Amino acid sequence: MEFLRTRRTYRRFQQKAVPAAVVDDILEAARIASCGANRQTLKYLVVQSPEQVDKVNGLVHWAAYLPPEQGIPKAEERPTLFIAVFQDEALPGANDTDAGLALGSMTAAAWSHGVGSCIMGAIDRPALCDLFGTAPSLRLHSMVAFGYPAHESRVVEMHDGDVRYYLDDARDYCVPKRPLSEILLGRI
Ligand SMILES: Cc1cc2nc3c(=O)[nH]c(=O)nc-3n(C[C@H](O)[C@H](O)[C@H](O)COP(=O)(O)O)c2cc1C
């Protein structure tokens, strides 16, 4: 449970490359993830050269609940790796549940090595696909940013149903979650 409590979203990173062995584990976690009818419709692209990482970083949107000066990582806080997750529409059965399970496994594999991540859906898909030069049959589902965190993030109590995360005085992320009493319908 401690692993799950700390496997949060991270948005500021140390400028230290994610080792190849960790990248391999992230991809292996994606490869073996559960998926509907075992159809395996997802494809991945690793973005790790600093030039390409910088280009991708210009095409993703960070932390919608925060003012830009708080939510957007500064040059020296940027992720050091992105992985693009595509749905291959040439194959039957692509679905968002499979993508979610793969994303969960990838970010957990990373965190098992102390590598933090941010799943990103607010992304400029046309510009990213142009940059990658990928086939039109590959639908860009999400980008995931990775790196060694430069901040902490913790789950906090929610007040008045406010789901917005915020930064505390140390610029650490506070992520309100609904209490169990609100989400558990019962035990029958
Ligand atoms: C499907 C999905 C899309 C997301 N898209 C973005 C995004 O575009 N930009 C961003 O900064 N965070 C993004 N996030 C991170 C969420 O904001 C974050 O998961 C949420 O605030 C809860 O924080 P936690 O992951 O620490 O529990 C996304 C997360 C998910 C699961």
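The structure presented is a predicted model; accordingly, all values stated were derived computationally and were not measured. (Residues numbered from 1 in each chain as written. Predicted model: local features only at pLDDT ≥ 70, side-chain atom pairs only at ≥ 80, totals over all residues. Heavy atoms only, no water.)

Student: Sorry, what's going on with a nonpolar patch on the surface here?
Tutor: A cluster of nonpolar side chains, contributed by M1, F3 and L4, occupies part of the molecular surface with about 330 Å² of accessible area. Along the chain, the position of M1 falls in the segment before α1 (2-6). (Patch = residues over 30% accessible without salt bridge, like charges linked within 9 Å, V, L, I, M, F, W, Y side chains within 5 Å. Areas by Shrake-Rupley, 256 points an atom, 1.4 Å probe, with all protein chains shown as cover. Salt bridge = Lys/Arg side-chain N within 4 Å of Asp/Glu carboxyl O. Helix = DSSP H or I, 4+ residues; strand = E, 2+ residues; numbered from the N terminus.)

Student: Help me understand the site of the ligand, please; the structure alone is not making it clear to me.
Tutor: Residues in close proximity to the ligand total 14 residues, the closest being R8, T9, R11, A63 and K177. Calculation on the ligand without its partners gives an accessible area of 620 Å², and the protein chains cover 68% of this total. Looking at the shell around the ligand, the elements with two or more residues in it are β3 (116-120) and β7 (173-177). Per-element tally for the shell around the ligand: the top contributor is β3, with three residues. Tallied by class, the residues present in the shell around the ligand amount to eight nonpolar, three polar and three charged. (Near = heavy atom within 4 Å. Nonpolar A, V, L, I, M, F, W, Y, C, P; charged D, E, K, R; others polar.)

Student: What exactly am I supposed to notice about the sheet that holds β3 here?
Tutor: Strand pairing in a sheet is mediated by backbone hydrogen bonds. Such pairs are either parallel or antiparallel. Strand order in the open sheet formed by four strands is β1-β2-β4-β3, with antiparallel pairing between adjacent strands. Both outer strands of the open sheet, β1 (42-47) and β3, are each paired with one neighbouring strand and no more. If you compare each strand with its neighbour and ignore which way they point, the axes differ by 25° on average. (Pairing = 2+ DSSP bridges. Axes fitted to C-alpha atoms, helices over the stretch in contact; angles between N-to-C directions.)

Student: Please clarify how the pattern of salt bridges should be interpreted in this entry.
Tutor: What the rule picks out here adds up to nine salt bridges. We note a salt bridge from R154 to D168, for which the minimum N-O separation is 3.0 Å. Linking R154 in strand β5 (residues 153-157) with D168 in the loop between β6 (166-167) and β7, this pair joins segments that are 14 residues apart in sequence. Look at R154 and you get partly exposed, because its relative accessible area is 41%. A network of salt bridges, in which partner residues are shared, links R12, E77 and R171. (Buried < 20%, exposed > 50% of the residue type's maximum accessible area, 1.4 Å probe, protein only.)

Student: Please clarify how the UniProt feature "domain: Nitroreductase" (unreviewed entry) in the protein should be interpreted in this entry.
Tutor: Here the UniProt-annotated "domain: Nitroreductase" (unreviewed entry) positions come out as residues 4-148. Taken end to end, residues 4-148 is 35% helix and 20% strand, and its first and last C-alpha atoms sit 17 Å apart. (UniProt positions renumbered as here; feature names shortened; annotations may be inferred.)

Student: Looking at this model, I keep getting lost on the packing of aromatic side chains. Mind explaining?
Tutor: Geometry of an aromatic ring pair is reported as the spacing of the ring centres plus the angle between the planes. One pass over the structure, following the stated rule, counts four aromatic pairs. Taking 5.1 Å as the distance between ring centres and 20° as the angle between the ring planes, the aromatic pair formed by Y10 and W111 counts as stacked. Taken together, the residues span a long stretch of sequence, with Y10 in the loop between α1 and α2 (20-31) and W111 in helix α5 (residues 96-111) at a distance of 101 residues. Just as Y10 is buried, W111 falls in that class too. Ring pairing ties together the aromatic residues Y65, Y165 and Y173, which thus form one cluster. Lying across the ring of Y165, R11 places its NZ or CZ 4.4 Å from the centre. For K16, the ring lying beneath its charged end belongs to Y148, and the centroid distance is 4.2 Å. (Phe/Tyr/Trp six-rings, centres within 6.5 Å; stacked < 30°, edge-to-face > 60°. Lys NZ or Arg CZ within 6 Å of the ring centre and 35° of its normal.)

Student: Would you explain unusual backbone geometry in this entry?
Tutor: For residues other than glycine, phi is negative in most cases, and the peptide bonds are mostly trans. Although it is not a glycine, A37 adopts a positive phi angle of roughly 55°. Mapped onto the secondary structure, A37 falls in the loop between α2 and β1. Not every positive phi belongs to a glycine, and R171 is a case in point at roughly 65°. Relative to the helices and strands, R171 resides in the loop between β6 and β7. The exposure class assigned to R171 is partly exposed, which follows from its relative accessible area of 34%.

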